[in-house]
Amino acid sequence: MSKIPVYFMPGLAASSIIFENIKLPEDAFEMHFLEWFVPKPKESLEAYALRMTKEIKHKEPVLIGVSFGGILVQEMSKHIETRKTIIISSVKTNKEMPSRMKIAKKTLAYKLIPTSLLSNVELLVKYAFGDNIIASRLKLYEKYLSVRDKKYLDWAIENVILWSRDKADEKVIHIHGDSDSVFPIQNIKNAIIVKGGTHIMIINKYKWLNENLPKIINPIEKT
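Just so you know, these numbers come straight off a predicted model, no measurement behind them.

A. Structural view of the pattern of salt bridges. This structure, assessed with the given rule, holds five salt bridges. Residue D154 is joined to K150 by a salt bridge in which the shortest nitrogen-to-oxygen separation is 2.7 Å. Within this pair, D154 and its partner K150 are both found in helix α6 (residues 150-161), separated by four residues, close to a single helical turn. With a relative accessible area of 31%, D154 lands in the partly exposed category.

As structure tokens, this is what we get:
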């Protein structure tokens, strides 16, 4: 029996190092890691997603995306057949966005975000992972955020805020923490809830994910 290919897409500004503690049984799964690249000028999210699918080397893979990466893998699944599309700490539609993001969309306030200042690690960590990161962990989380190109950050923030999907794909599997400060749980529907999970649960709830992802990806058939 061939192994199931599983491709992981990190969140906004993050590298695939965020998946360093995720372990799937090697006899059943092949793990592959995608990385952000700098978008072309005025490139749409749809066009970017199509380019990212060129990095997929297997038929009918499992796509797993975190946060903005979850939005991207949903767009990628429009272009390729997937065995499963799984999002973690993300949203299925723009209706699940928090009020501040909806307001930023209406007022164009997102254009005022000084992305050139996000090279400051503290600001970038708080923006990518949420406001409740304690100072002692800033250095730890700095290593996960390696994509600091201003063109990428401008593009990424705009495409999170302006994501146009308003109807969820019912095949998407959503895993979400009940303490997520970026995408609050009260806005989220039809998700597998992780108790105590925050927006960075890919890092600090990896034991739960290691235990449950194999069953979510490939549930045992009942006879």
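B. Broad picture of helix α2 (residues 68-76). Counted residue by residue, α2 has nine buried out of nine residues, so it is predominantly covered. Along α2, the residues that are buried comprise F68, G69, G70, I71, L72, V73, Q74, E75 and M76.

C. Spotlight on the layout of surface pockets. Its boundaries defined by the atoms lining it, the second largest pocket holds a volume of some 240 Å³. The residue inventory of the lining of the second largest pocket, partitioned by class, reads two nonpolar, three polar and eight charged.

D. Region of interest: helix α1 (residues 45-53). Every buried residue of α1 is accounted for by L45, Y48, A49, M52 and T53. Axial view of α1: buried residues confined to an arc of 145°, hence all on one face. Packed against the buried residues of α1 are β1 (4-9), α2 and α6.

E. Structural view of the side chain of T198. With respect to the secondary-structure elements, T198 resides in the loop between β6 (192-194) and α7 (201-204). Residue classification places T198 among the buried residues on the basis of a relative accessible area of 17%.

F. Layout of the nonpolar core. By size, the foremost hydrophobic cluster in this structure holds 63 residues, and its most contacted members are F68 and Y152. No other element matches the seven residues that α6 contributes to this core. With residues near it in sequence (within four places) discarded, F68 still touches G11, L12, W36, L45, Y152, W155, A156, N159 and V160.

G. The arrangement of the environment of G177 in detail. On the secondary structure map, G177 appears in strand β5 (residues 173-177). Spatially, the C-alpha atom of G177 lies 8.5 Å from that of I88, the residues being 89 residues apart in sequence. Setting aside anything within four residues of it in sequence, one finds G177 in contact with I185, V194, G197 and M201.

H. Local environment of the packing of aromatic side chains. All chains considered together, the criterion is met by 10 aromatic pairs. An aromatic cluster of three or more residues is present, and its members are W36, F37, Y48, F68, Y152 and W155.

I. Just the sheet that holds strand β2 (residues 29-33), in detail. In space, the six strands of this open sheet follow the order β2-β1-β3-β4-β5-β6, with parallel pairing throughout. This sheet does not close on itself; its edge strands, each paired only once, are β2 and β6. On average, each strand axis in the sheet is inclined to that of its neighbour by 20°, with strand direction left out of account. Of the strand pairs in this sheet, strand β3 (residues 62-66) and strand β4 (residues 84-88) are connected by five bridges, and their pairing is parallel. Each residue of the ladder has a partner; that of I64, found in β4, is I86. The strands touched by α2 are β1, β3 and β4; relative to β3, the strand with the most contacts, the crossing angle is about 150°.

Here is what the cut-offs are and how they apply
- Residues numbered from 1 in each chain as written.
- Predicted model: local features only at pLDDT ≥ 70, side-chain atom pairs only at ≥ 80, totals over all residues.
- Heavy atoms only, no water.
- Salt bridge = Lys/Arg side-chain N within 4 Å of Asp/Glu carboxyl O.
- Helix = DSSP H or I, 4+ residues; strand = E, 2+ residues; numbered from the N terminus.
- Buried < 20%, exposed > 50% of the residue type's maximum accessible area, 1.4 Å probe, protein only.
- 1 Å grid on protein atoms, 1.4 Å probe; cavity = no way out; pocket = protein on both sides within 12 Å on 5 of 7 lines; lining within 4 Å.
- Points joined across faces, edges and corners; volume = space filled by probe spheres on them.
- Nonpolar A, V, L, I, M, F, W, Y, C, P; charged D, E, K, R; others polar.
- Arc of directions from axis to C-beta.
- Contact = heavy atoms within 4.5 Å.
- Core = buried A, V, L, I, M, F, W, Y, C linked by side-chain atoms within 4.5 Å.
- Phe/Tyr/Trp six-rings, centres within 6.5 Å; stacked < 30°, edge-to-face > 60°.
- Pairing = 2+ DSSP bridges.
- Axes fitted to C-alpha atoms, helices over the stretch in contact; angles between N-to-C directions.

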